[in-house]
Amino acid sequence: MAKPILLSTPHMGDREHQFVTEAFETNWIAPIGPHVDAFEQEFCLAVGSSHATAVSSGTAALHLALKLVGVGVGDEVFCSSLTFSASANPIAYLGAKPVFIDSDRLSWNMDPHLLQAALEQRAKVGKLPKAVILVHLYGQSADIDPILAACQQYGVPMIEDAAEALGATYKGRSPGTFGTVGIFSFNGNKIITTSGGGMLVSEDASITSKAKFLATQARDPAPHYQHSEIGYNYRLSNVLAGIGRGQLLVLSDRVAARRHNCEVYEKALGNLPGIEFMPEAPWGSATRWLTCLTIDPAAFGADREQVRLALAAEQIEVRPVWKPLHMQPIFADCDCFGGEVAEDLFDRGLCLPSGSNLSDEDLDCVINAIVKCARVRSSNK
Ligand SMILES: *Cc1c(COP(=O)(O)O)cnc(C)c1O
């Protein structure tokens, strides 16, 4: 049987092994150490941030970010609806409640007008959210300026979930560096990976140092173990930080490879009736972490699910676009402003194999399988 073509797999460069070996040779196997410090500094340089704290996952980073801006029991937090559940789960960890905001069609990210309306509505009833979590989806930045302006107008801190957007730009700068706090992920399927890991960045050193404190069990400065706050065990291992340092060196290659995938797909499939690619918004450069498209079944001759199953039968892994969080059973009782755009993108949207290690032959396989779906149906008519 042919080798399966997967959605997004780890892609190591030349240096990761050397950094990991160094950690072994110096016996720095702990969740602190020189690779962790260096990874934080090198990450700051890569994204243009002043301070960073490396943690065990993007989810952990988001949990700390919410805690650091003061989210607690009974609070509301606004969050993009079209995203992975990890964007909103940490709201629930803190006993707070998510309120979801729909996407715009231009970027598939949070609609600034809807956010403005939602803040206005909550201000009127005297219950502003404690934070807004702005997600940058599939390697593309949201329209940050109007969203940040709306947050500032109401004095609500903006937290950026840039887990999927490392390497992207918004008006020349990295998404994740505009809000009070930004978070990134190095999970196995992200554009670079430490197998598992995350980063919290901020311009405010007191935020990243408090994050470090909370992530290491909140130990007060004392010779014995003294605690005046509940802490977490969230720091990144020095071994994994070594992988991260190697991966950062090839980040721009990984972005170029994923953009290349998208260009090849777009050239081959963009003119098929009913196929539309996730647009690249005019305000920046997307990494195309995942290449996504929508299928209009009437025009194409098959719907998203038929295409997904046909490709699965050929060992090609494709996935529907994120199921909006306002449609998820766990968040069924949460408010949502809008929702139709995210629902439509979920209904018709498909993510194609997008790894930076795919060959042109792999891309051809995917393309041929999709083209066949269109033909099979039209020949039946
Ligand atoms: C992957 C991801 C996360 C979580 O990151 P982990 O490192 O897997 O915990 C959060 N938000 C989004 C949008 C993600 O894609």
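The coordinates are above.
Conventions we followed
- Residues numbered from 1 in each chain as written.
- Predicted model: local features only at pLDDT ≥ 70, side-chain atom pairs only at ≥ 80, totals over all residues.
- Heavy atoms only, no water.
- Pairing = 2+ DSSP bridges.
- Helix = DSSP H or I, 4+ residues; strand = E, 2+ residues; numbered from the N terminus.
- Contact = heavy atoms within 4.5 Å.
- Axes fitted to C-alpha atoms, helices over the stretch in contact; angles between N-to-C directions.
- Buried < 20%, exposed > 50% of the residue type's maximum accessible area, 1.4 Å probe, protein only.
- Near = heavy atom within 4 Å.
- Polar contact = N/O pair within 3.5 Å; in protein donor to acceptor, adjacent residues only side chain to side chain.
- Areas by Shrake-Rupley, 256 points an atom, 1.4 Å probe, with all protein chains shown as cover.
- Nonpolar A, V, L, I, M, F, W, Y, C, P; charged D, E, K, R; others polar.
- Phe/Tyr/Trp six-rings, centres within 6.5 Å; stacked < 30°, edge-to-face > 60°.
- Parallel < 35°, antiparallel > 145°, perpendicular 65-115°, else oblique.
- Left-handed = near helix turned anticlockwise from the far one by under 90°.
- Salt bridge = Lys/Arg side-chain N within 4 Å of Asp/Glu carboxyl O.

## Some words on the sheet that holds strand β12 (residues 349–352)
What the 4 strands build is an open sheet, ordered β8-β9-β12-β10; its pairing is antiparallel. For this open sheet the edge positions go to β8 (275–277) and β10 (319–320), each flanked by a neighbour on one side alone. Across 3 bridges, the pairing between β8 and strand β9 (residues 291–295) is antiparallel. Counterpart to I275 in the pairing with β9 is I295. Running at roughly 55° to β12, helix α12 (residues 340–348) makes contact with β9, β10 and β12 of the sheet.

## Things to note about unusual backbone geometry
Residue N27 is not a glycine yet carries a positive backbone phi of 60°. Among the secondary structure elements, N27 is positioned in the loop between α1 (16–25) and α2 (34–47). For N27, a relative accessible area of 62% gives the class exposed. In this model, K171 sits at a positive phi of 45°, which is unusual for a non-glycine residue. For K171, the location among the structural elements is in the loop between β5 (158–161) and β6 (181–185). Residue K171 is classed as exposed on the basis of its relative accessible area, which comes to 53%.

## Focus: the site of the ligand
Residues in contact with the ligand amount to 15 residues; listed here are only the nearest, T59, D161, E164, S185 and K190. Within the side chain of T59, a nitrogen or oxygen atom sits 2.5 Å from an oxygen atom of the ligand. Within the side chain of S185, one N or O atom sits 2.7 Å away from an oxygen atom of the ligand. Contact with the protein chains hides 94% of the accessible area of the ligand, taken as 380 Å² for the molecule alone. Of the residues belonging to the shell around the ligand, the class tally is 4 nonpolar, 8 polar and 3 charged.

## Some remarks on the pairing of strand β7 (residues 198–202)
Buried residues dominate β7, accounting for 5 of its 5 residues. Looking at chain direction, strand β1 (residues 51–55) and β7 are connected through 5 bridges and run antiparallel. Paired with A52 across the two strands is V201, which belongs to β7. Here β6 pairs with β7 via 4 bridges, running antiparallel. Note that in β7 the partner of F184 across the bridge is M199.

## A word on the packing of aromatic side chains
We describe a pair of aromatic rings using the distance from one ring centre to the other and the angle between the two ring planes. Counted under the stated rule, the structure contains 12 aromatic pairs. Ring centres of F100 and F331 lie 5.4 Å apart, and the angle between their planes is 65°; on these two criteria the pair is classed as edge-to-face. Here the residue F100 occupies a position in strand β3 (residues 97–101), and F331 occupies one in the loop between β10 and β11 (336–337), the gap between them amounting to 231 residues. Of the two residues examined, F100 and F331, each falls in the buried class.

## Some details on the environment of K171
Sequence spacing of K171 and S141 is 30 residues, and the spatial spacing of their C-alpha atoms is 9.7 Å. In this view, K171 contacts D145, W283 and G284; residues no more than four positions away in its chain are not counted.

## Things to note about the packing of α2 against helix α8 (residues 238–249)
Between α2 and α8, the least distance of the axes is 8 Å, while the angle of their chain directions is 30°. Classed by the angle they form, the pair α2 and α8 counts as roughly parallel. The handedness of the crossing between α2 and α8 comes out as left-handed. Touching P34, H35, V36, A38, F39, E42, F43 and A46 of α2 are N238, A241, G242, G244, R245 and L248, all from α8. Of the residues contributing to the contact of α2 with α8, the split by class is 8 nonpolar, 4 polar and 2 charged.

## Observations concerning the pattern of salt bridges
Applying the stated criterion across every chain yields a total of 16 salt bridges. A salt bridge links R122 to E76; its shortest N-O distance comes to 2.8 Å. Taken together, the residues span a long stretch of sequence, with R122 in helix α5 (residues 112–124) and E76 in strand β2 (residues 76–80) at a distance of 46 residues. Its relative accessible area of 11% is what places E76 among the buried residues. Across the pair E280 and R259 runs a salt bridge, and its minimum N-O distance is 2.7 Å.

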